[in-house]
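Residue-level structure breakdown
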Amino acid sequence: MNNRYKEFWDQAAKLESDSSWAGQIRFMEKYTELIVRECGDVAYGAFWANPEAVRGQHIKEKIKQHFGVES
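Attention in this report is confined to the structure presented alongside it. (Residues numbered from 1 in each chain as written. Predicted model: local features only at pLDDT ≥ 70, side-chain atom pairs only at ≥ 80, totals over all residues. Heavy atoms only, no water.)

**Describing the packing of aromatic side chains**
Rules: For this analysis, a ring pair means two rings from Phe, Tyr or Trp (six-membered ring only for Trp) whose centres lie within 6.5 Å, classed as stacked if their planes differ by under 30 degrees, edge-to-face if by over 60, and tilted for the remaining angles. Only protein chains enter the accessibility calculation, which uses a 1.4 Å probe; a residue whose area is less than 20% of its type maximum is buried, one above 50% is exposed, and one in between is partly exposed.
Following the criterion strictly, the structure yields six aromatic pairs and no others. A centroid spacing of 4.9 Å and a plane angle of 85° characterise the contact between F47 and W48, whose relative ring orientation is edge-to-face. For W48, a relative accessible area of 52% puts it in the exposed group. Within the aromatic cluster, the residues linked to one another by ring pairs are W9, F27 and Y31.

**Side note on the packing of helix α1 (residues 4-15) against helix α2 (residues 21-49)**
Our working definition: What counts as an axis is a line fitted to C-alpha atoms, over the stretch in contact for a helix, and the angles between N-to-C directions run from 0 to 180 degrees. Each helix is a run of DSSP H or I of at least 4 residues and each strand a run of E of at least 2, with the numbering of both proceeding from the N terminus. Small angles under 35 degrees read as roughly parallel and large ones over 145 as roughly antiparallel, with 65 to 115 read as roughly perpendicular and the rest as oblique. Should the near helix be turned anticlockwise from the far one by less than a right angle, the crossing is termed left-handed; should it be turned clockwise, right-handed. Should any heavy atoms of two residues lie within 4.5 Å, those residues are counted as being in contact.
Between α1 and α2, the least distance of the axes is 9 Å, while the angle of their chain directions is 140°. With respect to α2, the element α1 is oriented oblique. As α1 runs across α2, the sense of the crossing is right-handed. Counting all contacts with α1, which are made through R4, Y5, F8, W9, Q11, A12, A13 and L15, the residues of α2 involved are F27, K30, Y31, L34, I35 and E38.

**Some details on the pattern of salt bridges**
What counts, and what does not: Definition used for salt bridges: Asp or Glu carboxyl oxygen within 4 Å of a side-chain nitrogen of Lys or Arg.
In the structure shown here, the tally under the stated rule is seven salt bridges. For R4, the salt bridge identified is with E7, shortest N-O distance 2.3 Å. With R4 and E7 both in helix α1, this residue pair falls three residues apart, about one helical turn. Judged by relative accessible area, R4 falls into the partly exposed class, the value being 21%. What makes E7 partly exposed here is its relative accessible area of 40%. Here the residues in one salt-bridge network are R4, E7 and E38, joined through shared partners.

Read these as layout, nothing more, since geometry by itself doesn't imply function.
Here it is as structure tokens:
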């Protein structure tokens with residue numbers, strides 16, 4: 001797996017420094033949002049790179065490849 005998730009962690013940590021339970025929830029919400037946005041961007045790019053051939057499996061593989069996740 002590549003280090004992109006660590007970059008998201010750092011971004012979320014910069015936005016939320018409160019260590020209370022509410023602060024931790026806000027941190028996790030931001031962290032999750034960053035990952036979901038990145039997945040959406042990868043899927044969008046995969047589709048527009050080849051809209052005639054892209055299917056769900058193709059997008060799934062592109063997202064896994066983007067994050068360096070092996071099958």
